[in-house]
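Coordinate inspection notes
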Amino acid sequence: MRLARFLACPAGVALTYLALAACSVSFARFTGGVAMVWIASAMLAGRLLHLPEHRWTPWLISSAAASGLATGLWGFGWGAALPLAIINIFEAASAAVIWRRITKAFWPFETLEWVASFYVGIVLTVPLLSGAAGAFTAWLIYDQPVVENFTRWIIGHSLGLLACLPVFHFIYSRLGRGRSFLPPREMLPQATLVVGAFILVTVTAFSLDMRPLLVFPLIYIVVCAATQPSAILMLLPVLLMLIGGSMTFTGQGPIAAMDWSMGDRLQFFQLYVAVTVLTSLPLQCERAKRVLEMRKMRARIAELESQRPVA
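Position numbers for residues count from 1 along each chain, tracking the sequence in the order it is written. Local features in this predicted model are restricted to residues whose pLDDT is 70 or higher, and side-chain atom pairs enter the listing and the counts only when it is 80 or higher, whereas totals over whole chains, interfaces and linings include all residues. Water and hydrogen atoms were dropped before computing side-chain values, which therefore reflect all heavy atoms in the structure.

**Remarks on unusual backbone geometry**
With a phi angle near 60°, D143 is a residue other than glycine that sits in the positive phi range. Burial here depends on accessible area, computed with a 1.4 Å probe over protein chains only, as a share of the maximum for the residue type. Under 20% is buried, over 50% is exposed, and the range in between is partly exposed. What makes D143 exposed here is its relative accessible area of 61%.

**Focus on the pattern of salt bridges**
Any carboxyl oxygen of Asp or Glu within 4 Å of a side-chain nitrogen of Lys or Arg constitutes a salt bridge here. If you walk through the whole model with that rule in mind, you get 3 salt bridges. Between R100 and E53 there is a salt bridge, and its shortest N-O distance comes to 3.9 Å. Linking R100 in helix α5 (residues 81-106) with E53 in the loop between α3 (40-48) and α4 (57-74), this pair joins segments that are 47 residues apart in sequence. Residue class for R100 comes out partly exposed when judged on its relative accessible area of 22%. Close ionic contact of D264 with R152 constitutes a salt bridge, the shortest N to O distance being 2.9 Å. You can see D264 sitting in helix α12 (residues 262-307) and its partner R152 sitting in helix α7 (residues 146-175), a full 112 residues away along the chain. Among the charged side chains, a salt-bridge network with shared partners connects E53, R100 and R101. Only runs of H or I of at least four residues qualify as helices and only runs of E of at least two qualify as strands under DSSP, and these elements are numbered from the N terminus.

**Regarding α7**
Bend, at a single residue, is the angle you get between axes fitted to the 7 residues ending at that residue and the 7 residues starting at it. Its axis deflected by about 45° at C164, α7 carries its strongest bend there, up to four residues before the proline P166. Across the 30 residues of α7, 23 count as buried, placing the element largely inside the fold.

**Considering the packing of aromatic side chains**
When the centres of two rings from Phe, Tyr and Trp lie within 6.5 Å, Trp using its six-membered ring, the rings pair. Their planes under 30 degrees apart give stacked, over 60 give edge-to-face, and anything left gives tilted. For the structure shown, the criterion picks out 14 aromatic pairs. Aromatic rings pair up to connect W99, W114, F118 and Y119 into one cluster. Each ring is checked for a lysine NZ or an arginine CZ that lies within 6 Å of its centre and within 35 degrees of its normal; such an atom marks a charge sitting over the ring. It is R29 that lies over the ring of F76; its NZ or CZ is 4.7 Å from the centre.

**Some remarks on the environment of K289**
Looking at where K289 falls in the secondary structure, it is placed in helix α12. On a C-alpha basis, the gap between K289 and W107 in space is 8.2 Å, while along the polypeptide they are 182 residues apart. Contacts are assigned to residue pairs that have any heavy atoms within 4.5 Å of one another. K289 has contacts with P108, F109 and T111, leaving out every residue within four places of it along the chain.

**A closer look at the environment of T103**
Within the secondary structure, T103 sits in helix α5. Linking T103 and A64, residues 39 residues apart in sequence, is a C-alpha distance of 26 Å. We define a polar contact as two N or O atoms separated by no more than 3.5 Å, with the added condition that, inside protein, one atom must be a possible hydrogen donor and the other a possible acceptor, whereas residues neighbouring each other in sequence contribute only through side-chain atom pairs. Side-chain polar atoms of T103 contact the side chain of W114, separated by 3.0 Å.

**Some thoughts on the side chain of R47**
Secondary-structure assignment places R47 in helix α3. When charges are counted, Lys and Arg contribute as positive and Asp and Glu as negative, whereas His and the chain ends are disregarded. Buried charge R47 goes without a salt bridge, the closest partner of opposite sign being E53 at 13 Å. If we ignore the near neighbours within four places in the chain, the residues touching R47 are A8, V13, W59, Y172 and G176.

**With respect to the nonpolar core**
In terms of nonpolar packing, the biggest core is built from 79 residues, with Y17, L44, W114, F118, L165, F206 and L236 touching the most fellow members. Considering every element that reaches this core, the biggest residue donor is α7, with 12 residues. Setting aside residues up to four positions removed in sequence, W114 forms contacts with W99, I102, T103, F106, W107, L281 and C285. What we call a nonpolar core is a set of buried Ala, Val, Leu, Ile, Met, Phe, Trp, Tyr and Cys residues that are connected through their side-chain atoms within 4.5 Å. If you look at the next biggest cluster of nonpolar residues, it comprises 7 residues, including V34, L84, A138 and W153.

**Some thoughts on a nonpolar patch on the surface**
Each patch groups residues whose relative accessible area exceeds 30% and which form no salt bridge, using 9 Å between like charges and 5 Å between nonpolar side chains of Val, Leu, Ile, Met, Phe, Trp and Tyr. Computed with a 1.4 Å probe, the accessible areas rest on the Shrake-Rupley method; for each residue, only the protein chains presented here act as cover. Among the surface-exposed residues, F136, W139, L140, I141, Y142, V146 and V147 lie close enough to one another that they form a single nonpolar patch of about 660 Å² accessible area. Mapped onto the nonpolar patch, the elements with two or more residues apiece are α6 (111-142) and α7. A per-element tally of the nonpolar patch places α6 first, with 5 residues.

**Here we look at the packing of helix α9 (residues 215-227) against α12**
As a rule, the C-alpha atoms of each element are fitted with a line to give its axis, helices using only the stretch in contact, and angles between N-to-C directions run from 0 to 180 degrees. The geometry of α9 relative to α12 is characterised by a closest axis approach of 8 Å and an angle of 15° between their N-to-C directions. On the basis of their axis angle, the class for α9 and α12 is roughly parallel. The handedness of the crossing between α9 and α12 comes out as right-handed. In this structure, α9 uses P217, L218, I221, V222, A225, A226 and T227 to contact α12, whose residues at the interface are Y272, V275, T276, T279, S280, L283, Q284 and R287. Three classes are used: nonpolar for Ala, Val, Leu, Ile, Met, Phe, Trp, Tyr, Cys and Pro, charged for Asp, Glu, Lys and Arg, and polar for all others, with Gly counted as polar. Residues belonging to the contact of α9 with α12 are distributed by class as follows: 9 nonpolar, 5 polar and 1 charged. Here the word oblique covers every angle except those under 35 degrees (roughly parallel), over 145 (roughly antiparallel) and from 65 to 115 (roughly perpendicular). Rotating anticlockwise by less than a right angle from the far helix to the near helix defines a left-handed crossing, while the corresponding clockwise rotation defines a right-handed one.

Right, here's the structure in full:
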């Protein structure tokens, strides 16, 4: 598919990065500092995961230009565009490098170690380093408060990587090969049933001012992580972000009713999505390991049967 290949090429990734970064710096800088929601790094890291490291340069340069453009036009301004672009690209590249290292070391037979390394290495360490550099840059150029920006950066970038990197990893695993990331045609009845029920559950949970109802979309995704293929499962966090995020931003639902600022409410929603992915990721990894083991077992059985002498 031409569209799929375009979205995976440097220009397509840069345009996607620009759109995500522009939305973040336009609508999520509630305190005038750094953006409190950030998923552009997860998107770029998800694309880099499916490229050899010696081929990363076009994607890094084009995305750095997109980051600088978003900062210059809608963010802090042109004075911070270059240093923040370097920091953001470093964050995405570091997340991709760590993902590759832990996957090579632990996947697929030591999934708990892989998940723990993902949390510590990508979700915690990378945002700490980029957050320190970003907060220092904002203080040095615009005399912004260091601690406040450091805290906002860590929360927004850490939760963005946790909630969105597995999703973008799956999306670009398909787009990079010219395939759609949507479920195949033979899976459409199952996907329609699962996704339709999830939309109903999510809209209900975010339409009523009852915070305990938020547990139902979380439980739904956890159950699907143990029972549904990745092509269906990866649609659910995206729908949760689109439905829950838009309803929270427009003042609907239990999170919007909290007596907090809009920025804090959106970061709480981002935390909610991240916890949902956090609880479902180990089950998803374990299911992927079992699928690989079953494939190897079937291949071994077929090999043994082909070697049996014909009576």
